[in-house]
Every structure is written in structure tokens, then in C-alpha cells.
Amino acid sequence: VQLQASGGGLVQAGGSLRLSCAASGRTFSSYAMGWFRQAPGKGREFVAAINGSGRRTSYAGSMQGRFTISRDNAKNTVYLQMNSLKPEDTAVYYCAASYTVAVVTTGTAYDYWGQGTQVTVSS
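I will try to describe carefully the structure that is included in this document.

1. As for the packing of aromatic side chains
No. 1: The tally for this structure, following the rule as stated, stands at six aromatic pairs.
No. 2: Between phenylalanine 36 and phenylalanine 46, the aromatic rings sit 5.6 Å apart at their centres with planes inclined by 70°, giving edge-to-face as the arrangement. Linking phenylalanine 36 in strand S4 (residues 32-38) with phenylalanine 46 in strand S5 (residues 44-50), this pair joins segments that are 10 residues apart in sequence. Judged on exposure class, the residue phenylalanine 36 and its partner phenylalanine 46 are both buried.

2. Examining the sheet that holds strand S8 (residues 77-82)
No. 1: The strand order S1-S3-S8-S7 describes an open sheet built from four strands, whose pairing is antiparallel. The sheet is open, and its two borders are formed by strand S1 (3-6) and strand S7 (67-72), each paired with just one other strand. Sheet twist, expressed as the average angle between the axes of neighbouring strands with direction ignored, equals 15°.
No. 2: Where S1 meets strand S3 (residues 17-23), four bridges bridge the pair, whose relative direction is antiparallel.

Parameters at a glance
Residues numbered from 1 in each chain as written. Predicted model: local features only at pLDDT ≥ 70, side-chain atom pairs only at ≥ 80, totals over all residues. Heavy atoms only, no water. Phe/Tyr/Trp six-rings, centres within 6.5 Å; stacked < 30°, edge-to-face > 60°. Helix = DSSP H or I, 4+ residues; strand = E, 2+ residues; numbered from the N terminus. Buried < 20%, exposed > 50% of the residue type's maximum accessible area, 1.4 Å probe, protein only. Pairing = 2+ DSSP bridges. Axes fitted to C-alpha atoms, helices over the stretch in contact; angles between N-to-C directions.

The values reported here are purely geometric and, on their own, carry no functional implication.
Laid out in C-alpha cells, this is it:
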């Protein structure tokens, strides 16, 4: 599975962005998908995850209510809608795929990673 993340950019605090992650392959629905982020000088942080069918999701506490993960299995794409962005959301955002039916929140459980897309939120 190859993953290509896009949609990052520069936005003012309070603004919104939608990240996309396109996956190769014909078994996309067999993979749980997740978004992680890494800010400068910090470790990788879980953001959100979704199971293969899209019926179950999980969010990190600080993103709950502001971020929404979704997927379109017909398009082999997972999305991260980010609203009410804050300067502390500035990071490189990565999508990841795990060959499992469960929602996966642990980075080490993911098998494939995209290249990352930069999100910068100005104050």
C-alpha cells in the first residue's frame, strides 16, 4: 500500500483545512486508517483513526469536536477535516494504514505511512 497525503498549508487560527490521503491498491476497505502528527522537537502524536468500514472512529482528546476523520472506500481516500485550528496544531501530518478491521490508535501497529503534509497555523 502506498499512501499520498495532501491538503496541508498555512491557515490563520480559527480556520479550517481538509487533509486527504490517497491509497493505492484494491483492498482499501481492509485497512484501518489513521492520522498522526509531529511538531518540531516533539514526538509523533496520534490524531484520529477510522476502521475499514468507516463506522467506527477514535480521536485524541484535544482534537475531539474539532477534527473529523472520514473515508471514501470507492475513492481509496481518507480525509481529516480540521476546524477551529490553533497554533499548537502546527505540525507535519501523516496518514497511515493498518491491515486490521479494528480502530487502531497506536502508531507502532500501522504498517504503511505516507510522506506527510505540513500544516501551519498562524496566530
